[in-house]
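Fold and geometry: a report
The chain contents come next:
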Amino acid sequence: RTGAMMPQGAPPVVVRYIVPEDGDELEHPNVLHVRRTGDGNSTTLGELRKVWPLPGSYHFRVQRKLAEVYGGMLVWLDVRDDAMELPLCSDGSVLAKVSRISS
């Protein structure tokens with residue numbers, strides 16, 4: 001699926017993110033717009049890294065809803081593979097909690 005063409009005119013994915021070490025809070029996230037990849041529904045960690053505005057090295061966690069069989073609870077998924085498609089929230093955005101490894 002990686003490398004497939006994005007549908008013409010598809011809006012970017014809104015990525016809401018916090019860096020807790022900077023005092024960011026989930027109630028007031030930062031926002032980035034990231035190019036859609038694959039089938040045009042989401043984006044990848046690699047695309048997010050391309051537009052990441054902060055200097056340094058970071059570890060990314062994204063919010064994901066578990067299947068109803070597991071109670072449908074929200075969890076933080078550690079993401080390391082740049083080719084991984086990021087899970088979307090119910091509003092179609094990505095919510096990320098990002099930790100600074102080095103500046």
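Refer to the preceding data block for the structure.
Below, the structure is looked at part by part. (Residues numbered from 1 in each chain as written. Predicted model: local features only at pLDDT ≥ 70, side-chain atom pairs only at ≥ 80, totals over all residues. Heavy atoms only, no water.)

The subject of this paragraph is the pattern of salt bridges. Throughout the structure, instances matching the rule amount to 7 salt bridges. Its salt-bridge partner being aspartate 91, residue arginine 16 comes within 4.0 Å of it at the nearest N-O pair. Here arginine 16 is found in strand S1 (residues 13–18), whereas its partner aspartate 91 is found in the loop between strand S4 (74–79) and strand S5 (94–102), with 75 residues between them in sequence. Its relative accessible area of 54% is what places aspartate 91 among the exposed residues. Note that lysine 50 is salt-bridged to glutamate 47, the shortest N-O span being 3.0 Å. Residue lysine 50 and its partner glutamate 47 are both found in helix H1 (residues 45–51); the two are separated by 3 residues, about one turn of the helix. For lysine 50, a relative accessible area of 63% gives the class exposed. (Salt bridge = Lys/Arg side-chain N within 4 Å of Asp/Glu carboxyl O. Helix = DSSP H or I, 4+ residues; strand = E, 2+ residues; numbered from the N terminus. Buried < 20%, exposed > 50% of the residue type's maximum accessible area, 1.4 Å probe, protein only.)

Among the nonpolar cores identified, the biggest contains 17 residues, and Leu48, Trp52 and Val98 are the most heavily contacted of them. When contributions to this core are tallied by element, the ones reaching two or more residues are S1, strand S2 (30–34), H1, strand S3 (57–65) and S5. Beyond its immediate sequence surroundings of up to four residues, leucine 48 is in contact with Val15, Leu32, Val34, Phe60 and Leu86. (Core = buried A, V, L, I, M, F, W, Y, C linked by side-chain atoms within 4.5 Å. Contact = heavy atoms within 4.5 Å.)

By themselves, these observations are geometric and do not establish any function.
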